[in-house]
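Here is how the chains run, residue by residue.
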Amino acid sequence: MARWSTVSSATRIKALGFPCFCTGYYAQDQGVRGKVIDYRCALEIGGVRIETGALLFGDKEGVLVIPRHAEEEVVRLALEKARGEKLVAEAIRGGMCAVEAYRTFGIM
């Protein structure tokens, strides 16, 4: 039976003392401090333009913006890579060394 770690790779990297992206949490009710001035429009955050309909994927390691026109291809390629990574993991659990797994599958 496979065992999966609930510790993210960023957490493990941080524990090694390497620099990595991380975020904090801050909750503040927007209530009286904010006002909706528009919706369903493009916006820019940190120099990244986000168009209406973009797919956003985020976790504590960062945020990814996938434009609507690329969504189908990006999701297809991500699933393909995940399937390949599963094969690599199975091969390594079966005794193949990481170098040979990379040579065989071309991914890690």
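Up top is the structure.
Residues numbered from 1 in each chain as written. Predicted model: local features only at pLDDT ≥ 70, side-chain atom pairs only at ≥ 80, totals over all residues. Heavy atoms only, no water.

## Some remarks on the overall build of the protein
Here's step 1: Summing up its helical and strand segments, the protein has three helices and four strands in all.
Here's step 2: What you see in the protein, going N to C, is helices and strands ordered as α-β-β-β-β-α-α.
Here's step 3: Buried positions account for 9% of the 108 residues belonging to the protein.
Here's step 4: Pairs at least 24 residues apart make up 21% of the contacts formed inside the protein by residues separated by at least 6 positions.
Here's step 5: For the protein, the accessible area works out to roughly 9600 Å², and carbon and sulfur atoms hold 59% of it. (Helix = DSSP H or I, 4+ residues; strand = E, 2+ residues; numbered from the N terminus. Buried < 20%, exposed > 50% of the residue type's maximum accessible area, 1.4 Å probe, protein only. Contact = heavy atoms within 4.5 Å. Areas by Shrake-Rupley, 256 points an atom, 1.4 Å probe, with all protein chains shown as cover.)

## Some remarks on unusual backbone geometry
Here's step 1: Here arginine 40, not a glycine, exhibits a phi torsion of approximately 50°, which is positive.
Here's step 2: With respect to the secondary-structure elements, arginine 40 resides in the loop between helix H1 (9-15) and strand S1 (43-45).

## Thoughts on the packing of helix H2 (residues 71-93) against helix H3 (residues 98-105)
Here's step 1: The geometry of H2 relative to H3 is characterised by a closest axis approach of 10 Å and an angle of 145° between their N-to-C directions. Considering only the axes of H2 and H3, their crossing is right-handed. Contact residues: Leu87, Val88, Ala91 and Ile92 in H2; Ala98, Ala101 and Phe105 in H3.
Here's step 2: Here the residues of the contact of H2 with H3 sort into seven nonpolar, no polar and no charged. (Axes fitted to C-alpha atoms, helices over the stretch in contact; angles between N-to-C directions. Left-handed = near helix turned anticlockwise from the far one by under 90°. Nonpolar A, V, L, I, M, F, W, Y, C, P; charged D, E, K, R; others polar.)

## Topic: H2
An α-helix turns once per 3.6 residues; consequently, residues spaced three or four apart project the same way.
Here's step 1: When the terminal C-alpha atoms of H2 are compared, their 33 Å separation across 23 residues agrees well with the 33 Å that a helix rising 1.5 Å per residue should span.
Here's step 2: Turning to H2, its buried residues are Gly84, Val88 and Ala91.
Here's step 3: Buried positions along H2 lie against H3.
Here's step 4: Positive phi appears at glycine 95, one or two residues downstream of H2, with a value of about 115°. (Expected span 1.5 Å × (residues − 1).)

## As for the pattern of salt bridges
Here's step 1: All told, the structure shown has four salt bridges when counted by the stated rule.
Here's step 2: In this structure, the salt-bridge partner of glutamate 80 is arginine 76, at a minimum N-O distance of 3.8 Å. Remark: arginine 76 and glutamate 80 occur in helix H2; sequence separation between them is four residues, near one turn of the helix.
Here's step 3: The exposure class of glutamate 80 is partly exposed, given its relative accessible area of 46%.
Here's step 4: Linking glutamate 85 and lysine 81 is a salt bridge whose minimum nitrogen-to-oxygen distance equals 2.6 Å. Note that glutamate 85 and lysine 81 are positioned in helix H2 at a spacing of four residues, about one turn of the helix.
Here's step 5: Owing to a relative accessible area of 34%, glutamate 85 belongs among the partly exposed residues under this scheme. (Salt bridge = Lys/Arg side-chain N within 4 Å of Asp/Glu carboxyl O.)

## Details of a nonpolar patch on the surface
Here's step 1: Residues Leu55, Val75 and Leu79 make up a contiguous nonpolar surface patch of about 210 Å² in total accessible area.
Here's step 2: Position of leucine 55 relative to the elements: it lies in strand S3 (residues 55-59). (Patch = residues over 30% accessible without salt bridge, like charges linked within 9 Å, V, L, I, M, F, W, Y side chains within 5 Å.)

## Considering the pairing of strand S4 (residues 62-66)
Here's step 1: Across five bridges, the pairing between S3 and S4 is antiparallel. Bridged to leucine 55 within S4 is isoleucine 66.
Here's step 2: Counting the residues that bridge the hairpin from S3 to S4 gives two residues. (Pairing = 2+ DSSP bridges.)

Interpretation note: all reported values are geometric properties and have no functional meaning in isolation.
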